[in-house]
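# Fold and contact review
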Amino acid sequence: NEIKFDDFLDRLLIIKDKLVRAKIFETEKELAEVLELPLNKSLTTAIYSEGRRRPLTLVNNIKKLAPQINSDWIWSGEGEINL
């Protein structure tokens, strides 16, 4: 099963928006630090550039932050986000 990266990255951006809006993180920079993304880019740019190189690491870091998020939804868009 091949991941459609544009759809996958769009789902990561939805998660990012929900985490910031829920005030789980004060800033996108703080979230980027936790997700181990480069801090010299906007979070959106970092997700797009890093996501193509290391999707499993990103998903694992997201699951550490919010274990309730549905992994199937992150990878394929199937089911509910649960966030």
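Our structure is the block above this text.
Residues numbered from 1 in each chain as written. Predicted model: local features only at pLDDT ≥ 70, side-chain atom pairs only at ≥ 80, totals over all residues. Heavy atoms only, no water.

### Focus: the overall build of the protein chain
Within the protein chain, the regular secondary structure consists of five helices and zero strands. The order of helices and strands in the protein chain, counted from the N terminus, is α-α-α-α-α. Residues classed as buried in the protein chain amount to 36% of the 83 residues present. If you take every contact in the protein chain between residues at least 6 apart in sequence, the share linking residues at least 24 apart comes to 49%. Surface summary for the protein chain: the accessible area is close to 5000 Å², and the carbon and sulfur share equals 47%. (Helix = DSSP H or I, 4+ residues; strand = E, 2+ residues; numbered from the N terminus. Buried < 20%, exposed > 50% of the residue type's maximum accessible area, 1.4 Å probe, protein only. Contact = heavy atoms within 4.5 Å. Areas by Shrake-Rupley, 256 points an atom, 1.4 Å probe, with all protein chains shown as cover.)

### Concerning the pattern of salt bridges
Summed over the entire model, instances satisfying the criterion amount to one salt bridge. The salt bridge involving Lys16 is made with Asp17; its shortest N-O contact spans 2.8 Å. Judged by relative accessible area, which is 8%, Lys16 ranks as buried. Overall, the relative accessible area of 29% leaves Asp17 in the partly exposed class. (Salt bridge = Lys/Arg side-chain N within 4 Å of Asp/Glu carboxyl O.)

### A short note on the nonpolar core
By size, the foremost hydrophobic cluster in this structure holds 22 residues, and its most contacted members are Leu12, Ile15, Leu37, Ile47, Ile62 and Ile74. Broken down by secondary-structure element, the contributors of at least two residues to this core are α1 (5-21), α2 (28-34), α3 (43-51), α4 (55-65) and α5 (71-76). In terms of residue count, α1 provides more of this core than any other element does, six residues in total. Those residues in contact with Ile15, other than ones at most four positions away along the chain, are Ile62, Ile69, Trp73, Ile74, Ile81 and Leu83. (Core = buried A, V, L, I, M, F, W, Y, C linked by side-chain atoms within 4.5 Å.)

### Thoughts on empty space enclosed by the protein
Under the defined criterion, the tally for this structure stands at one cavity of 30 Å³ or more. Ranked by residue count, the leading element in the lining of the largest cavity is α1, at four residues. Partitioned by chemical class, the residues of the lining of the largest cavity number eight nonpolar, no polar and one charged. (1 Å grid on protein atoms, 1.4 Å probe; cavity = no way out; pocket = protein on both sides within 12 Å on 5 of 7 lines; lining within 4 Å. Points joined across faces, edges and corners; volume = space filled by probe spheres on them. Nonpolar A, V, L, I, M, F, W, Y, C, P; charged D, E, K, R; others polar.)

### A look at the environment of Gln68
As for its position among the elements, Gln68 is in the loop between α4 and α5. You can call Gln68 partly exposed: its relative accessible area is 43%. Separated by 14 residues in the primary sequence, Gln68 and Asn82 place their C-alpha atoms 6.1 Å from one another. Excluding its chain neighbours within four sequence positions, the residues that come into contact with Gln68 are Ile81, Asn82 and Leu83.

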